[in-house]
Amino acid sequence: MGITRSFFIALSNNRLLNSGAKKWGFQLGAAKVVAGTDIPNMMASVQELNDNGISATIDRLGEFVTSRKEAQQAATEIIETLQTISTAGTDAHLSVKLTQIGLDIDQQFCFENIHRIVKEADEHNIFVNLDMENYDRLQPTLDILHALRKEFDGVGTVIQAYLYRSEKDLEALKDVRLRLVKGAYQEHEEVAMQSIEDIDANFLKLIKLRLDQPAFTSIATHDHHIIDAAIAYADEQGIPSDRFEFQMLYGFRTDLLKKLSADYQVTSYVPFGEDWYGYFMRRLAERPQNLQLVIKGAVSK
Ligand code: FDA
């Protein structure tokens, strides 16, 4: 792990800066990768994506939730978001981080909150993705997913290619709609691959395994080498293009996403809300070149 990556991950975990950022306002280029701080701004961005043939998965941002009240409030806001997209007939679904709705407070309490969200989403026929956070949260997230799936089909999660256990998890989740990613957190070498080459090779292996299975797969990456290899494999194996899609983060490689939309389903991951700071810092940690967003943002203000 490079110094720059550790630096931005440390910044993303800094509570003081997180709360300070809200006060400083929507600055430092974050507006290029976060679709505003409220529902009207987010809806305008998503409408523009839809007009370009791009679907959306919407993440109402929230970090460092420590009280039950904050977690319940977050769940209520997520429900408000899903009701808004349903009423507007928007082509979108939801992405939810379980820590935002109480995973670190109490697992049963978190389950009650996500149950409330998924039940409402089910009534509106909207899919809910449980984003995957760091390794400590993986098993609790999978346990909650399995409990939800006893009642609802429209809920899935994320598999992170850097984890050694992911191939087994993929097999166990073969009937579930999944998003495959490289993995965004700093994990211990006992559980996660550390080299880019190993992670990329495993990512491609998991993509191929998954494309051979019937359930829907979202290949979430900005890496054109991986995208090209996935397309080549799908073509070679005659895998129908309605069985998978490509996902990218809002504001990243939009031209490539638009290009892919001519032949494939594509979805943009659209974060919004006042709690944008931690999300923004994690994106800088992933790719220091994203600092250009900061520089351009600062200059263009
Ligand atoms: P990576 O950053 O490794 O880049 C590989 C190569 O691709 C680069 O060397 C460059 O050639 C090219 N490239 C990448 N970005 C570029 C750019 N902006 N412009 C030009 N070229 C570029 N993680 C997680 O742990 N849990 C989760 O739930 C999610 N969810 C999620 C949803 C979506 C839609 C996405 C896209 C990603 C996630 N992630 C995630 C994050 C994921 O794990 C990973 O950290 C990032 O996507 C970065 O890895 P990439 O695969 O995009 O390529």
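Residues numbered from 1 in each chain as written. Predicted model: local features only at pLDDT ≥ 70, side-chain atom pairs only at ≥ 80, totals over all residues.

Looking at the overall build of the protein
Link 1 in the chain: Across its full length, the protein carries 12 helices and eight strands.
Link 2 in the chain: Counting across all 301 residues of the protein, residues that qualify as buried make up 40%.
Link 3 in the chain: Long-range pairs, those at least 24 residues apart, make up 70% of the contacts in the protein with a sequence separation of at least 6. (Helix = DSSP H or I, 4+ residues; strand = E, 2+ residues; numbered from the N terminus. Buried ≥ 20, exposed ≤ 12 C-beta atoms within 10 Å, placed from the backbone. Contact = placed C-beta atoms within 7 Å.)

Details of the environment of leucine 178
Link 1 in the chain: With respect to the element layout, leucine 178 can be found in strand E5 (residues 178-181).
Link 2 in the chain: Sequence separation between leucine 178 and leucine 130 is 48 residues; the distance between their C-alpha atoms is 9.5 Å.

Regarding the packing of helix H8 (residues 196-211) against helix H9 (residues 224-237)
Link 1 in the chain: For the pair H8 and H9, interaxial distance at closest approach is 10 Å and the crossing angle is 30°. Taken together, H8 and H9 sit at an angle that is classed as roughly parallel. The crossing of H8 and H9 is right-handed. On the side of H8, the interface is formed by Asp200, Phe203, Leu204, Ile207, Lys208 and Leu211, while H9 contributes Ile226, Ala229, Ala230, Tyr233, Ala234 and Gln237.
Link 2 in the chain: Grouping the constituent residues of the contact of H8 with H9 by class yields nine nonpolar, one polar and two charged. (Axes fitted to C-alpha atoms, helices over the stretch in contact; angles between N-to-C directions. Parallel < 35°, antiparallel > 145°, perpendicular 65-115°, else oblique. Left-handed = near helix turned anticlockwise from the far one by under 90°. Nonpolar A, V, L, I, M, F, W, Y, C, P; charged D, E, K, R; others polar.)

Some thoughts on the site of the ligand
Link 1 in the chain: For the ligand, the set of nearby residues contains 21 residues, the closest of which are Val181, Ala184, Ala220, Thr221 and His222.
Link 2 in the chain: For the shell around the ligand, the secondary-structure elements that each account for two or more residues are strand E4 (155-160) and strand E7 (244-249).
Link 3 in the chain: For the shell around the ligand, the leading source of residues is E7, giving three residues.
Link 4 in the chain: Here the shell around the ligand is composed, by residue class, of 10 nonpolar, five polar and six charged. (Near = placed C-beta within 6 Å.)

Thoughts on the sheet that holds strand E6 (residues 217-220)
Link 1 in the chain: Reading around the barrel, the eight strands line up as E1-E2-E3-E4-E5-E6-E7-E8 and close back on themselves, with parallel pairing between neighbours. Strand after strand, the sheet turns through a mean of 30° between neighbouring axes, direction not considered.
Link 2 in the chain: For strand E3 (residues 128-130) and E4, the ladder comprises three bridges, and the chain directions are parallel. Its bridge partner lying in E4, asparagine 129 is registered against glycine 156.
Link 3 in the chain: In the packing of helix H6 (residues 138-149) onto the sheet, contacts are made with E3 and E4, and the angle to E4 comes to roughly 155°.
Link 4 in the chain: Together, E4, E5, E6 and E7 form the strand contacts of H8, whose direction differs from that of E5 by roughly 160°. (Pairing = 2+ DSSP bridges.)

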